[in-house]
Amino acid sequence: TTSASITPAENSFIKKLKTSGRSLVVFYGSQTGTAEEFAGRLAKEGIRYKLKGMVADPEECDMEELINLKDIPNSLAVFCLATYGEGDPTDNAMEFVDWLKNGDADLNGLNYAVFGLGNKTYEHYNEIALFVDHKLEQLGANRVYECGLGDDDANIEDDFLTWKEKFWPAVCEYFNIEPAAEEFSVRQYKLTEHVNMPAEKVFRGEIARLNAFQNQRPPFDAKNPFLAPVLVNRELHGPSSTRSCMHIEFDINGSKMRYDAGDHLAVYPTNNAELVNKIGEKCQADLDQVISLENTDEESTKKNPFPCPCTYRTALTHYLDITNNPRTHVLKELAEYCSDPADKEKLLKMSSTTPEGKAMFQQWITHENRNIVHILEDIPSCKPALDHLCELLPRLQCRYYSISSSPKLHPTAIHITAVVVEYKTPTGRINRGVTTSWLKEKHPSDPPALVPIFVRKSQFRLPSRTTTPVIMVGPGTGIAPFRAFIQERDVAKREEELQQYVDSGTLILHTAFSREQANKVYVTHLLEQNKDEIWDVIGKKNGHIYVCGDARNMARDVHNILLKVVMEKGNMSELQAADYIKKMDSQKRYSTDVWS
Ligand code: FAD
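Residues numbered from 1 in each chain as written. Predicted model: local features only at pLDDT ≥ 70, side-chain atom pairs only at ≥ 80, totals over all residues. Heavy atoms only, no water.

Attention now moves to the site of the ligand. In the vicinity of the ligand there are 18 residues, among which Tyr400, Tyr401, Thr417, Thr435 and Thr436 approach most closely. Separating an oxygen atom of the ligand from a backbone N or O atom of valine 419 is a distance of 3.0 Å. Note that a nitrogen atom of the ligand is positioned 3.5 Å from one of the side-chain N or O atoms of tyrosine 423. Top contributing element to the shell around the ligand by residue count: strand β14 (residues 399-402), with four residues. Class assignment of the residues belonging to the shell around the ligand gives a composition of nine nonpolar, eight polar and one charged. (Near = heavy atom within 4 Å. Polar contact = N/O pair within 3.5 Å; in protein donor to acceptor, adjacent residues only side chain to side chain. Helix = DSSP H or I, 4+ residues; strand = E, 2+ residues; numbered from the N terminus. Nonpolar A, V, L, I, M, F, W, Y, C, P; charged D, E, K, R; others polar.)

We now examine the pattern of salt bridges. All told, the structure shown has 32 salt bridges when counted by the stated rule. For arginine 187, the salt bridge identified is with aspartate 387, shortest N-O distance 2.7 Å. With a gap of 200 residues between them, arginine 187 in the loop between α5 (156-175) and β8 (189-194) and aspartate 387 in helix α12 (residues 386-392) connect regions that are remote in the sequence. One salt bridge connects lysine 541 with aspartate 536, and the closest N-O pair in it is separated by 2.9 Å. Assessed through its relative accessible area of 48%, lysine 541 is described here as partly exposed. (Salt bridge = Lys/Arg side-chain N within 4 Å of Asp/Glu carboxyl O. Buried < 20%, exposed > 50% of the residue type's maximum accessible area, 1.4 Å probe, protein only.)

Let's shift gears to the sheet that holds strand β20 (residues 544-550). Reading across from one edge, β19-β20-β21 is the order of the three strands in this open sheet, with parallel pairing throughout. Of all strands in the sheet, those with a lone pairing partner are β19 (470-473) and β21 (590-595), marking the two edges. Strand-to-strand, the axes of this sheet are offset by a mean angle of 10 degrees, without reference to chain direction. The pairing of β19 with β20 spans four bridges and is classified as parallel. Bridge pairing in β20 links valine 470 to histidine 544. (Pairing = 2+ DSSP bridges. Axes fitted to C-alpha atoms, helices over the stretch in contact; angles between N-to-C directions.)

Turning to the state of the cysteines, a few remarks are in order. Structurally, a disulfide amounts to a covalent bond that connects the sulfur atoms of two cysteines. By the definition in use, this model includes zero disulfides. Free of any disulfide, cysteine 310 has its nearest neighbouring cysteine sulfur in cysteine 308, separated by 5.0 Å. The class for cysteine 310 is buried, based on a relative accessible area of 0%. Of all cysteine sulfurs, the one in cysteine 382 lies closest to cysteine 338, which takes part in no disulfide; the gap is 4.0 Å. When its relative accessible area of 11% is taken as the criterion, cysteine 338 is described as buried. (Disulfide = S-S within 2.5 Å.)

Attention now moves to the packing of aromatic side chains. Per the counting criterion, the structure on display carries 22 aromatic pairs. Ring centres 4.6 Å apart and planes at 15 degrees place the aromatic pair tryptophan 163 and phenylalanine 167 in the stacked group. Remark: phenylalanine 167 and tryptophan 163 occur in helix α5; sequence separation between them is four residues, near one turn of the helix. Take tryptophan 163: its relative accessible area is 6%, and that puts it in the buried class. Joined through ring pairs, the aromatic side chains of Phe38, Tyr49, Phe115, Tyr145, Phe160, Trp163, Phe167 and Trp168 make up one cluster. (Phe/Tyr/Trp six-rings, centres within 6.5 Å; stacked < 30°, edge-to-face > 60°.)

In this fold, threonine 328 is placed in helix α8 (residues 328-335). You can call threonine 328 buried: its relative accessible area is 5%. Looking at threonine 328, its side chain comes within polar contact range of the side chain of arginine 41, at 3.3 Å. Apart from residues lying up to four places away in sequence, threonine 328 is in contact with Arg41, Glu157, Leu161, Met350, Ser351 and Phe361. (Contact = heavy atoms within 4.5 Å.)

Within helix α9 (residues 341-350), the full set of buried residues consists of Asp343, Leu347 and Met350. Buried residues of α9, viewed axially, fall in a sector of 65 degrees; they line one side. Those residues of α9 that are exposed and aimed more than 90 degrees away from the buried face are Pro341 and Glu345. Check the buried side of α9 and you find it contacts α8 and α10 (355-367). Here α9 starts with a cap whose side-chain oxygen sits 2.8 Å from the backbone nitrogen of alanine 342, and that cap is aspartate 340. (Arc of directions from axis to C-beta.)

Functional significance is not addressed by these values, which are geometric in nature.
Below you can see the structure in the form of structure tokens.
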């Protein structure tokens, strides 16, 4: 729209800001919760700078109303936006980004700032934040402070703090605001302890709908996962191996769930009971107490931090992330619960933005890899109120797995291939991956173990013509989606193992077993050795190439080899070859499914 003002809708964020005397709105584009968490911290801190703030989900707002924000004196819109995959916005920011892309709204008078959440291992680093920052300026808005870029591959918390440290003074200068001398912390949620709450009204791990697990109803999705029985859970490594990799099959019969080869399976995990109990002990709390945490801000669309009412045990087991390294604002609030002044000082220092504070956080939290349980163990005088801790910890996220089966061969089952995460930290503790260590114990016993899952669609697809040749590069668990692809191609033969596919001629196989032999062979070596064959497929037969697995090194190396092949075999300059590969990319003949 180009009109000067629009009529506020029922859920108008402008109306909300006005009626509650606020002037700061922080929008988030979040997939895993980090951008939302950062947005919450900024909105909360606003009060110190006389900018009462609120967090808003762009999906739930009419973003065209941004043109009216200037009517509120000293108003500021901040955007915390994550970039995903091939430079994509998060699902909840999709519509907003499309609106900006296509729109020509007049945003004169709008004051804004952007902080991006990205990962440098990926090509399209922070593309969404950079686009929004640039486009808002182009539409006439005033950039109050430069766009911040957070790198999840390094230390995104540090990037955020460093940006924030300069952002607030810039805001104060811009609006001519004198900040309050003291930082003060306010609780966002109010605790109610329930007595005699009927069991059927208490959440037990459901994601959104009460009793959703007792009373399963399709359609199944992120808010309503399907409790899938485990059909098979097989170890793929030999008995002498120190590593563990699982082939798991889930039964989706009767769920009406559909999937395609190349899609991802999302799994909602459960935290380890021993860790949960330790938190209960350290906080001296009754884990079976039924509680509710309710937002003190009645205008907020987020009424509770997680489904309430539930017991503390349920919150710590199903809803809260207790194994990642906590962020600095959590340490700052924990400091208040230390009876020993030295402990308090230590936590405050680590949460500060001084160079020593940051270095200490980097060493004690990041490098020595302490989670909340380790912190409470190593700072014995810190005994936080458990409800406050539950308010501070981020939400436990689902994990994704490349589906390794084809629906053509297995219409009622979904297979995944998952490596068990287990490692020793510098403090001598054994850390176990939440999901993989939990899945390891899920067996097709009688009754079979149940796992909450849903399917997430992907762009990773075989060419529609089954005769188009393809190259697949998938070291380690990167093999997973290719198993599905091969099944697709060989559906008639109903065969499962790679060697049989080779025998049947479906597949020309070059195997690189880098771990199992002294003379290590990597996929990149094999690609180097087979340049003619690669060029035959992609250059002569218009075939496809797929790469799956490690984003950090492998995907980049493969890209470089491909560049070499095109230059050498296609007689092109480096520039022409790069162009050729870009074109393959846009024609979806060069697809990647990579993670770090
Ligand atoms: P978490 O509890 O999440 O712990 C993992 C974290 O522990 C890591 O992020 C890292 O911070 C830390 N960590 C791990 N090892 C070490 C170490 N040695 N030292 C220090 N810190 C360490 N995984 C598969 O196995 N198969 C797949 O097919 C697959 N497909 C994926 C597809 C996509 C699109 C994505 C995004 C991820 C995929 N993954 C896959 C990864 C998977 O989602 C999980 O991240 C993985 O299984 C670990 O989950 P977890 O809950 O067991 O571990």
